[in-house]
Amino acid sequence: STPVATFCALLTAARMGLLVKGGDVLESLGEIKAVAFDKTGTITRGEFTVDIFDVVGHKVQMSQLLYWISSIESKSSHPMAAALVEYAQSKSIEPKPECVAEFRILPGEGIYGEIDGKRIYVGNKRVLARASSCQTAVPERMNGLKGVSIGYVICDGDLVGVFSLSDDCRTGAAEAIRELASMGISSVLLTGDSAEAAVHAQERLGGALEELHSELFPEDKVRLVSAVKARVGPTMMVGDGMNDAPALAMADVGVSMGISGSAAAMETSHATLMSSDILRVPEAVRLGRRACRTIA
Ligand code: ADP
Ligand code: MG
């Protein structure tokens, strides 16, 4: 392999907005047979809007509930957190992160925080199952909602709030996946979000994805990446590092989303996409293939 050819290919990659950590990564890029995409913040923009926010029961008032969850969420860097903080602010409620006594992230589930002496969980139905003691009924209007992520707020064991959030697919996501398919590369979706949200994304992508895996914990994403590697061949994982940094490390080529992604993701990944243009993914594989031919 000639150092000059490798250098030129790395430079070309950098010009198109892909920072590749070395010549060996370039070679691996050319050999990719499958791509595992994270959903939130990778296939989708990671810019949620709150569509519904309801108080459940009579234990708390709306303004208090919004104050609690926005204060706790202001300590999280999850894309849903920003939407909830903004929603509270749109109702003139400012978060007070300094009033949160204890804070924990529950990967793939949500968050936990203590505020005003209350123990509060915010997250998906796994959080609901884990944190709520009684079977408080989820309001009727939350059933049968299509294409949204549903969140629950549990205060001292009681369900006190429900909300729904939605997020759009990135422009070019469907095209990127179709291009990969035309190159003989299959694409799968790995998400910590619900099955409904995964199916909705697939519908928006015109059914381009070959497999959907939902309700995953970070360790499930690692397991699935290694399963795809064993079954299909060299595998790329593209993610924003929210609960997928270990899966990025497990992939033959882990690509982190540089703009929306976390610092941890940039560290464990083999390459970083410096724009939100997902079409760079097939382009990178093409570059890798060309580089391999030139280098070999
Ligand atoms: P993805 O794999 O699609 O990026 P995540 O693993 O980041 O999803 O999150 C999985 C699910 O956990 C989310 O869909 C959401 O329901 C819940 N969740 C995670 N973090 C938060 C948070 N800060 N606030 C509310 N819900 C959260
Ligand atoms: Mg994500």
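Worth saying up front: this structure is predicted, and the values here are computed from it rather than measured.

## Examining the overall build of the protein
Phase 1 of the analysis: The secondary structure content of the protein amounts to 12 helices and 13 strands.
Phase 2 of the analysis: Against the compact-globule benchmark of 19 Å for 296 residues, the protein has a radius of gyration of 21 Å, which places it among compact chains.
Phase 3 of the analysis: Expressed along its principal axes, the backbone C-alpha trace of the protein runs to roughly 70 × 35 × 30 Å.
Phase 4 of the analysis: The proportion of buried residues among the 296 residues of the protein is 48%.
Phase 5 of the analysis: Looking at the protein alone, contacts between residues at least 24 apart form 63% of all its contacts between residues at least 6 apart.

## Remarks on the sheet that holds strand β2 (residues 34-38)
Phase 1 of the analysis: Ordered in space as β1-β13-β12-β11-β2-β9-β10, the seven strands form an open sheet in which the pairing is mixed. Whereas interior strands pair on both sides, the edge strands pair on one side only; in this sheet they are β1 (18-20) and β10 (211-213). Each neighbouring strand pair of the sheet contributes to a mean axis angle of 20°, computed without reference to strand direction.

## Section: the sheet that holds strand β3 (residues 49-55)
Phase 1 of the analysis: Strand order in the open sheet formed by six strands is β3-β8-β7-β6-β5-β4, and the pairing between neighbours is antiparallel. The open sheet terminates on both sides in strands that have one partner only, identified here as β3 and β4 (100-106). With direction set aside, neighbouring strand axes in the sheet form an average angle of 15°.
Phase 2 of the analysis: In terms of strand pairing, strand β7 (residues 149-155) meets strand β8 (residues 158-166) through seven bridges, oriented antiparallel. The residue of β8 that forms the bridge with S149 is L165.

## Digging into helix α8 (residues 195-204)
For the α-helix, the turn length of 3.6 residues means that residues three or four positions removed from each other point alike.
Phase 1 of the analysis: Buried within α8 are the following residues: A197, A198, H200 and A201. For α8, the arc enclosing every buried residue in end-on projection is 160°, short of the 170-degree limit, so these residues lie on one face. Every exposed residue of α8 that faces more than 90 degrees away from the buried side is listed here: A195 and E203.
Phase 2 of the analysis: The inward-facing, buried residues of α8 contact α3 (39-43), β7, β9 (186-190) and β10.
Phase 3 of the analysis: Just downstream of α8, G206 is the residue with a positive phi angle, here 65°.

## A closer look at the site of ligand 1
Phase 1 of the analysis: Around ligand 1, a shell composed of 23 residues is seen, among which T40, H78, N124, G192 and D193 lie nearest.
Phase 2 of the analysis: Elements supplying a minimum of two residues to the shell around ligand 1: α3, α5 (79-90), β5 (110-115), β6 (118-123) and β7.
Phase 3 of the analysis: Broken down by element, the shell around ligand 1 gets its largest block of residues, three residues, from α3.
Phase 4 of the analysis: Residues lining the shell around ligand 1 come from more than one domain, with at least three contributed by each of domain 1 (3-45 + 169-295) and domain 2 (49-166).

## Brief notes about the domain arrangement of the protein
Phase 1 of the analysis: Partitioning the protein into domains gives domain 1 (3-45 + 169-295) and domain 2 (49-166).
Phase 2 of the analysis: The distance between the C-alpha centroids of domain 1 and domain 2 comes to 31 Å.
Phase 3 of the analysis: On the side of domain 2, nine residues touch domain 1, which itself brings 13 residues to the contact.
Phase 4 of the analysis: Those elements that place two or more of their residues in the side of domain 1 that touches domain 2 are α3 and α8.
Phase 5 of the analysis: Residue composition of the side of domain 1 that touches domain 2, grouped by class: five nonpolar, seven polar and one charged.

What counts, and at which threshold
Residues numbered from 1 in each chain as written. Chains lettered and ligands numbered in written order. Predicted model: local features only at pLDDT ≥ 70, side-chain atom pairs only at ≥ 80, totals over all residues. Helix = DSSP H or I, 4+ residues; strand = E, 2+ residues; numbered from the N terminus. Rg over C-alpha atoms; globule rule 2.2 N^0.38 Å. Buried ≥ 20, exposed ≤ 12 C-beta atoms within 10 Å, placed from the backbone. Contact = placed C-beta atoms within 7 Å. Pairing = 2+ DSSP bridges. Axes fitted to C-alpha atoms, helices over the stretch in contact; angles between N-to-C directions. Arc of directions from axis to C-beta. Near = placed C-beta within 6 Å. Domains from an automatic or database assignment. Nonpolar A, V, L, I, M, F, W, Y, C, P; charged D, E, K, R; others polar.

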